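Architecture at a glance
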6 protein chains.
Amino acid sequence: MMNKVVIEYYNGKEKALDDIYANKAQVLLEALPYIKQYFNEIVVVKLGGAIMEDYKSLMKVLDDLILMKYVGIKVIAVHGGGKQITKLMEEKNIKVEFCDGMRVTNNEAIDIVKMVLLGEINSKIVSLLNKHGKIAVGISGNDANFVICRKKTYKKDGKEIDLGYVGEIVDINKDFLLKILNSDYLPVIATLGSDSKGNIYNVNADTFACDIASKFSAKKMVLLTDVDGIKVTEKTKEKLVSRISAKGCNELIKNKDISKGMIPKVNACISALKNGVERAHILNGNSEHSILIEIFTDKGIGTMIVDDN
Amino acid sequence: MMNKVVIEYYNGKEKALDDIYANKAQVLLEALPYIKQYFNEIVVVKLGGAIMEDYKSLMKVLDDLILMKYVGIKVIAVHGGGKQITKLMEEKNIKVEFCDGMRVTNNEAIDIVKMVLLGEINSKIVSLLNKHGKIAVGISGNDANFVICRKKTYKKDGKEIDLGYVGEIVDINKDFLLKILNSDYLPVIATLGSDSKGNIYNVNADTFACDIASKFSAKKMVLLTDVDGIKVTEKTKEKLVSRISAKGCNELIKNKDISKGMIPKVNACISALKNGVERAHILNGNSEHSILIEIFTDKGIGTMIVDDN
Amino acid sequence: MMNKVVIEYYNGKEKALDDIYANKAQVLLEALPYIKQYFNEIVVVKLGGAIMEDYKSLMKVLDDLILMKYVGIKVIAVHGGGKQITKLMEEKNIKVEFCDGMRVTNNEAIDIVKMVLLGEINSKIVSLLNKHGKIAVGISGNDANFVICRKKTYKKDGKEIDLGYVGEIVDINKDFLLKILNSDYLPVIATLGSDSKGNIYNVNADTFACDIASKFSAKKMVLLTDVDGIKVTEKTKEKLVSRISAKGCNELIKNKDISKGMIPKVNACISALKNGVERAHILNGNSEHSILIEIFTDKGIGTMIVDDN
Amino acid sequence: MMNKVVIEYYNGKEKALDDIYANKAQVLLEALPYIKQYFNEIVVVKLGGAIMEDYKSLMKVLDDLILMKYVGIKVIAVHGGGKQITKLMEEKNIKVEFCDGMRVTNNEAIDIVKMVLLGEINSKIVSLLNKHGKIAVGISGNDANFVICRKKTYKKDGKEIDLGYVGEIVDINKDFLLKILNSDYLPVIATLGSDSKGNIYNVNADTFACDIASKFSAKKMVLLTDVDGIKVTEKTKEKLVSRISAKGCNELIKNKDISKGMIPKVNACISALKNGVERAHILNGNSEHSILIEIFTDKGIGTMIVDDN
Amino acid sequence: MMNKVVIEYYNGKEKALDDIYANKAQVLLEALPYIKQYFNEIVVVKLGGAIMEDYKSLMKVLDDLILMKYVGIKVIAVHGGGKQITKLMEEKNIKVEFCDGMRVTNNEAIDIVKMVLLGEINSKIVSLLNKHGKIAVGISGNDANFVICRKKTYKKDGKEIDLGYVGEIVDINKDFLLKILNSDYLPVIATLGSDSKGNIYNVNADTFACDIASKFSAKKMVLLTDVDGIKVTEKTKEKLVSRISAKGCNELIKNKDISKGMIPKVNACISALKNGVERAHILNGNSEHSILIEIFTDKGIGTMIVDDN
Amino acid sequence: MMNKVVIEYYNGKEKALDDIYANKAQVLLEALPYIKQYFNEIVVVKLGGAIMEDYKSLMKVLDDLILMKYVGIKVIAVHGGGKQITKLMEEKNIKVEFCDGMRVTNNEAIDIVKMVLLGEINSKIVSLLNKHGKIAVGISGNDANFVICRKKTYKKDGKEIDLGYVGEIVDINKDFLLKILNSDYLPVIATLGSDSKGNIYNVNADTFACDIASKFSAKKMVLLTDVDGIKVTEKTKEKLVSRISAKGCNELIKNKDISKGMIPKVNACISALKNGVERAHILNGNSEHSILIEIFTDKGIGTMIVDDN
């Protein structure tokens with residue numbers, strides 16, 4: 001008849017397909033209460049170094065962040081890059097040295113840290129996010145001096161250890177980051193900071209995320225790691241703790257149920273809660289869409305740490 | 001052990017449940033390209049009178065509008081209320097008279113129109129939306145004189161018919177509505193307008209939606225009705241037209257394939273397309289979540305009318 | 001001579017006419033101190049139901065409001081519509097029931113209330129004001145959930161009475177109304193409110209005006225009624241009280257000099273004064289231009305209630 | 001009875017007084033259409049030197065300007081001060097010289113001009129206006145270089161005459177004055193200007209007012225003088241021309257009906273009309289409230305000059 | 001070869017010239033720490049009457065102010081004009097009378113004060129600054145009623161002396177001046193003020209500068225005079241005090257080392273320091289570029305008065 | 001005497017020292033016309049790779065940029081890092097390959113490019129600038145997708161050469177950079193860009209600077225290199241061309257007077273001029289303060305290329 005009309009048979013047989021689409025719409029609607037809850041709220045997500053190494057996991061995590069941004073959440077991504085730093089140091093034959101889990105960071109090492117964090121990881125995350133449009137802006141903590149640090153002092157067995165350019169955050173300039181957020185960009189922050197003399201420091205990424213979340217009174221802080229959360233062993237059976245109070249965490253630490261690598265993460269969570277962050281989570285970044293499930297469904301996933309009250 | 005710790009068995013047996021949640025996250029992500037496409041865009045939705053009568057359908061449609069608002073779409077809802085007006089007129093023993101589908105609207109009738117549109121329907125839609133928060137603002141076309149009308153002139157068989165207070169829109173004050181939209185409220189508009197002498201007119205809701213969509217260069221105009229779209233009969237079989245050009249519509253009208261009640265809807269769509277609206281849709285408001293499916297999935301639903309080019 | 005020159009005799013004989021115009025200019029100047037005093041100040045005017053019924057009085061009152069707006073006063077109009085509600089209920093054969101002056105408002109009744117307030121009265125006031133330009137915007141207390149209510153609890157003789165959808169205001173969202181005022185529109189507010197479940201309540205108009213005036217620290221609240229103010233009888237002679245303190249009012253109530261219908265009005269005034277409103281007035285809306293005389297001249301009119309100090 | 005209640009007899013005998021106040025309210029309302037017409041519009045008023053000398057007239061004119069400001073008119077006052085300049089020059093034994101009505105302004109003279117305009121007249125007008133609050137800001141045309149001039153060239157009998165520091169306006173910086181107006185101050189401008197070398201020039205006040213009115217597309221320009229307007233003599237009878245076109249003016253000039261001193265005023269009016277000013281008026285500043293009568297009543301007063309079309 | 005190429009010999013012989021330019025660049029860089037220190041800070045400079053009389057000195061001082069403005073300092077200039085006032089009074093045969101250094105200012109005198117300050121000095125400074133562009137705006141303290149005064153009461157030998165229109169500042173309207181500063185203009189302020197009755201007062205320029213500096217928490221207040229600073233005599237040798245505390249000043253005053261004319265200047269400095277101004281200076285305006293040297297180099301010049309702590 | 005008073009002898013013997021300071025003030029004032037000329041103007045400075053290697057030169061160049069920022073110039077710094085990239089590639093045993101001066105940039109190479117540009121050079125420049133306060137923000141051309149590229153196509157001897165991730169700029173998003181500039185930060189930009197698929201490209205730094213300068217209509221573009229400018233040899237004598245037109249450049253290129261490495265720089269300058277940049281300069285970054293001398297003194301330094309007209 002007329003060439004531009006497309007006609008489809010209409011006989012009710014497509015019910016099955018219709019149901020699929022109706023279900024999809026239904027899922028979107030089920031997310032609505034969660035969307036409302038997080039609308040215009042700040043969520044800080046720390047991307048653990050392990051995720052960087054698994055391209056497929058990373059892509060999925062970044063998709064999650066973009067969705068969060070589009071439904072109105074002000075997402076701040078924070079990343080470190082320990083494994084990649086070690087790798088490049090080894091390539092360059094620089095001695096890799098740790099002290100109680102903290103990298104001893106001399107002149108040569110801090111140069112490698114900057115190279116890896118800014119030139120490799122930050123740049124990669126920003127590029128991947130920006131495939132979807134004008135979304136992300138890469139930031140170093142020393143841009144506009146927005147993260148002010150001091151050299152971390154550390155004592156072991158009563159003796160002071162020189163960790164080199166390992167920093168503690170002493171102040172955060174909210175204005176700079178707010179300008180980025182209010183311009184509707186998703187900031188991706190490398191965990192560097194500077195002091196007034198222009199020294200650059202590497203900061204532990206969990207602590208960095210905690211300090212940012214605290215300063216901005218984030219609704220939620222999520223530490224994306226490569227484990228499912230806090231686990232305890234009861235009668236030879238390993239169990240995941242899905243919800244625990246700060247006080248409970250301290251008991252588990254005392255009982256040595258919380259193991260070495262998990263301690264700084266748990267402490268960062270407790271500190272964030274004390275500073276006004278509503279909820280802190282330890283999630284497995286390799287579990288598909290763990291953040292989305294945590295935020296947009298009623299399923300508890302990973303470990304949620306809550307204030308004592 | 002310690003009373004605030006909640007422990008769940010972690011043995012991998014919850015795979016099935018996990019999958020359900022992962023699927024939900026997946027659906028959200030599938031919607032992402034559509035969310036991006038409509039982010040900050042204006043979509044005008046005309047709620048047909050039939051939907052008002054079916055509380056369950058209405059609730060679902062309103063849920064859809066709220067979701068659209070939360071994922072960044074600037075939704076403008078437009079409603080008439082023909083059936084309810086007729087009902088109240090009959091209750092009050094006022095003569096109900098139509099001419100070619102247009103209600104002859106004398107002094108008594110326009111008072112009933114205002115009562116029903118503002119006092120019954122508009123108020124009801126706003127209340128239902130606002131159960132979800134500070135979402136909607138009810139608006140009449142004569143607030144701030146924002147819809148300027150003139151008396152519609154109508155000729156039948158060469159003779160001028162006096163339709164009374166039936167209006168044609170001659171101008172729309174964009175500023176007022178923009179202030180509402182930019183304050184992040186969802187305007188719910190009753191299809192009234194006024195002239196410079198303060199006369200109030202009733203305007204056909206399809207035309208009203210079309211004029212608003214045109215003035216604001218809406219991305220999409222959706223006419224929610226109680227039929228599935230344009231249908232044609234081929235060899236005794238009724239088929240739904242899922243996609244048709246403006247030119248195609250005109251041929252169908254000429255061939256009388258498009259029936260009486262559908263003609264003004266189709267013409268409103270064609271006029272909107274000519275005035276810069278990207279897509280016009282005729283959907284069945286009683287099909288569950290038809291708008292969401294249309295906007296957030298790749299399924300074509302109802303009839304989409306597109307520009308000739 | 002030349003055709004476009006209009007020439008008038010100038011012989012000093014028009015002195016009488018000149019004086020009339022000079023007097024007019026003089027009156028404008030006499031109003032100047034009052035204009036300065038109210039410049040940019042908020043004045044809340046409650047339009048009593050009786051005024052709605054007398055078209056001529058209403059028009060004059062609305063002229064007064066427009067003048068106030070143009071000389072820089074931020075006017076907020078509040079209206080109820082008791083008489084019209086009763087009338088429509090009777091027409092629809094719905095039982096009209098009062099308890100101590102408060103309308104028992106069941107499901108059917110609240111629908112009538114909405115119809116009358118929004119569809120009849122609010123719409124009418126807005127149309128009449130907008131004959132003069134883009135002046136007024138009609139608002140319901142449940143637009144943007146800006147007036148939050150709860151069900152009014154009421155006890156009589158120790159027994160709780162169910163008044164139905166009669167509400168008490170628990171909160172007012174200042175932002176929404178400020179946006180309307182700062183966009184230079186005159187808001188006309190119907191005395192409805194909503195609770196978090198989406199129930200709509202009817203609120204006593206005097207109380208509503210008082211709560212709005214209190215929330216916005218209005219300079220003045222005016223209750224336009226159909227009586228001249230508070231009257232007392234001394235030795236068989238009826239006298240108008242032109243100025244009285246809150247304390248004085250309470251004595252008059254105790255002495256039963258202030259009669260039943262006047263009590264809620266006087267109480268609304270006293271409450272507004274306690275909450276920071278500077279002056280409260282009870283005026284007769286049928287006295288020509290009583291508001292203008294009150295605001296722009298040095299004549300006290302009606303009853304002014306002042307703070308005890 | 002109770003000490004704080006003030007009671008007035010209420011016996012209807014005060015009708016006469018009531019009528020007076022109702023009349024006052026009525027006058028305010030009669031002004032409303034005019035208030036609406038000039039709301040937010042710019043009106044430039046040139047205060048002639050003669051008014052400065054009559055304190056009572058000046059006070060009344062300034063009251064008029066303040067009222068205009070309060071009812072929403074953006075008033076710009078412009079003043080010269082020829083008589084006062086001559087007076088001070090004579091006091092200081094400086095030779096006073098004119099050429100075709102223009103003051104020959106050498107070094108000594110321009111210093112006197114500045115002293116009188118800024119130090120005497122401008123300061124006096126600002127002080128008198130500011131008795132009523134934070135109303136006026138005194139401005140010289142060379143503040144922020146906002147009026148750029150060049151030396152006026154003048155030929156007489158084919159010979160170039162050196163008028164000294166008499167200037168012609170070549171440009172006006174709108175921004176500076178707009179900032180003053182938008183901060184809600186009434187600018188009082190002395191008719192000085194400067195060139196790029198920092199020379200200060202005196203500008204004819206009628207021309208200055210015309211150029212300001214033209215640059216700002218004023219709604220109205222009013223030249224307040226000490227005569228009632230343009231007068232013509234018909235059969236020995238002197239008549240006032242109340243309304244005349246630009247073309248008509250030119251004929252009257254040709255016929256020498258418009259006399260020497262009036263010519264520059266009329267030309268300034270014609271030039272303003274050509275440049276988009278809607279109406280130009282020549283009024284007698286000594287007639288009580290002539291501006292108010294002109295703007296807020298329907299009485300034509302003085303001479304109104306209108307565009308030819 | 002080709003006509004548009006300009007070629008210079010390049011043989012290293014221009015070393016001497018190169019050094020000169022490199023030195024200039026070096027000087028700019030040496031100023032950098034000072035530029036940073038004063039960036040966006042307010043500096044109030046009082047121009048003493050003596051500078052007005054020496055055109056060459058004045059020009060240099062104004063160049064200094066312009067440079068300060070361009071490198072980001074918010075400069076406020078304040079000037080009096082005692083000598084010029086006396087001169088004009090004498091010319092006009094008005095009796096010049098002082099009481100303890102304060103001019104007795106009757107009706108005639110205040111008119112002369114306004115003439116000289118606004119019409120002569122303010123206008124001159126503004127013109128000279130504006131040779132360099134849209135830089136300065138002349139302001140009188142009674143513009144927008146921004147400096148509110150009261151009549152100064154003064155007692156001598158227990159008897160009240162009537163000083164006439166000599167004022168004390170009781171309030172300063174920050175908004176008006178901030179609007180000028182934020183529009184990037186350099187305000188030049190004549191030391192007049194007004195009371196609520198519209199009386200104009202002359203204010204001591206040192207006190208005026210002090211009150212402005214205090215109200216705006218200026219970084220620095222500079223009193224430009226015609227002496228080098230506070231001097232003391234030790235063993236017949238006159239010495240300049242380059243730095244002194246407020247307490248030290250008081251001792252010097254007690255010891256009569258600080259002489260009559262210097263006392264009000266020193267007291268203005270002490271008062272400014274008490275009110276939050278960081279540094280107060282007394283400099284010789286006739287020393288070339290004394291302000292620039294004080295602000296942009298490490299050389300102390302004149303006398304700096306500092307807080308006791 | 002009193003302990004807080006510091007006293008200096010004042011005997012005129014410090015004349016020599018005084019002169020030094022007066023000279024310094026004089027130099028600041030000599031810079032004033034240049035400061036005015038560049039106030040609020042954009043200047044793009046490309047920092048050549050050679051400067052990065054000489055810490056002392058770099059520090060001086062950065063001091064110059066900071067001074068420029070503080071006196072009101074909107075500086076945009078652009079840097080590449082060719083030598084450092086080659087160095088790291090060699091360290092990592094990656095084959096270094098060039099084609100007509102352009103680096104063939106495969107997958108491995110672009111990773112090195114990002115590492116060096118972002119992780120080493122950009123980070124270093126930002127840190128050094130931020131020693132002076134909250135001054136600089138490091139930016140990659142793919143932040144917010146602000147520099148959109150396409151793969152550069154290149155033909156040699158009629159055959160297309162695959163240069164890998166070498167990009168040509170096709171669009172620049174002005175908004176992002178304007179936000180940085182208007183927040184008063186000095187952007188330091190690494191010469192990367194991205195396409196819509198998320199590929200990252202390396203862009204020639206001279207071209208990058210030219211495109212940024214063109215897009216922002218910069219007042220000036222400066223290419224800081226390690227040569228003094230364009231040189232020609234006349235009769236065995238080498239001469240520096242201090243000023244040349246675009247046309248002249250083209251002749252010199254034709255005559256092979258402009259050598260290989262200089263050609264792209266000269267072409268970038270010519271292109272910038274065509275696109276509205278006022279002046280383009282080639283300066284030696286190792287000559288002390290060459291930018292400051294160029295901008296703030298009347299000495300021409302290096303080569304200035306001007307438009308043909």
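To be clear, the structure that these remarks concern was listed above.
Notes on the structure in this doc start here. (Residues numbered from 1 in each chain as written. Chains lettered and ligands numbered in written order. Predicted model: local features only at pLDDT ≥ 70, side-chain atom pairs only at ≥ 80, totals over all residues. Heavy atoms only, no water.)

1. With respect to helix H6 (residues 174-182) of chain E
Those residues of H6 of chain E not exposed but buried are Phe176, Leu177, Ile180 and Leu181 of chain E. Take H6 of chain E and look down its axis: the buried residues cluster within an arc of 135°, on one side only. In H6 of chain E, the exposed positions that point more than 90 degrees away from the buried face belong to Asp175 and Asn182 of chain E. The inward-facing, buried residues of H6 of chain E abut strand E6 (136-140) of chain D together with strand E2 (42-47), strand E3 (74-79), strand E6 (136-140), strand E11 (186-190) and helix H7 (205-215) of chain E. Of the residues that open H6 of chain E, the one with a side-chain oxygen 3.2 Å from the backbone nitrogen of Asp175 of chain E is Asn173 of chain E. (Buried < 20%, exposed > 50% of the residue type's maximum accessible area, 1.4 Å probe, protein only. Helix = DSSP H or I, 4+ residues; strand = E, 2+ residues; numbered from the N terminus. Arc of directions from axis to C-beta. Contact = heavy atoms within 4.5 Å. Polar contact = N/O pair within 3.5 Å; in protein donor to acceptor, adjacent residues only side chain to side chain.)

2. As for unusual backbone geometry
Trans is the prevailing form of peptide bonds, just as negative phi is the prevailing case for residues other than glycine. Residue and element names in this part refer to chain C. Positive phi outside glycine occurs at Asp100, with the angle close to 50°. Checked against the element boundaries, Asp100 lands in the loop between strand E4 (98-99) and strand E5 (102-103). On the basis of relative accessible area, Asp100 is assigned to the partly exposed category, the value being 43%. The phi dihedral of Ser217 falls on the positive side, at around 45°, and the residue is not glycine. Following the sequence through the fold, Ser217 ends up in the loop between helix H7 (205-215) and strand E14 (220-225).

3. A look at the interface of chain E and chain F
Every contact between the two is made by 55 residues of chain E and, on the other side, 55 residues of chain F. Across the chain E/chain F interface, buried area totals approximately 5500 Å², and carbon plus sulfur atoms make up 68% of it. Here chain E is connected to chain F by two salt bridges. Salt-bridge contacts for Glu30 of chain F lead to Lys24 of chain E; the nearest nitrogen and oxygen are separated by 2.8 Å. Joining chain E to chain F, the criterion identifies six residue pairs in polar contact (both at pLDDT 80 or more). For the side of chain E that touches chain F, the secondary structure elements donating two or more residues are strand E1 (6-9), helix H1 (15-38), helix H3 (55-70), strand E15 (231-234), strand E16 (237-245), helix H8 (246-254) and helix H10 (290-296) of chain E. By residue number, the principal contributor to the side of chain E that touches chain F is H1 of chain E, which donates 14 residues. Residues that form the side of chain E that touches chain F fall into these classes: 29 nonpolar, eight polar and 18 charged. (Buried area = accessible area lost by both parts, 1.4 Å probe. Salt bridge = Lys/Arg side-chain N within 4 Å of Asp/Glu carboxyl O. Nonpolar A, V, L, I, M, F, W, Y, C, P; charged D, E, K, R; others polar.)

4. A closer look at the interface of chain C and chain D
Contacts between the two partners involve 56 residues from chain C and, on the opposite side, 56 residues from chain D. Contact between chain C and chain D buries roughly 5500 Å² in total, counting both sides, with carbon and sulfur atoms accounting for 68%. Here chain C and chain D share two salt bridges between them. Our count for the contact surface shared by chain C and chain D stands at six residue pairs in polar contact (both at pLDDT 80 or more). Of all the secondary structure elements, the ones that give two or more residues to the side of chain C that touches chain D are strand E1 (6-8), helix H1 (15-38), helix H3 (55-70), strand E15 (231-234), strand E16 (237-245), helix H8 (246-254) and helix H10 (290-296) of chain C. Taken together, the residues of the side of chain C that touches chain D break down into 30 nonpolar, eight polar and 18 charged.

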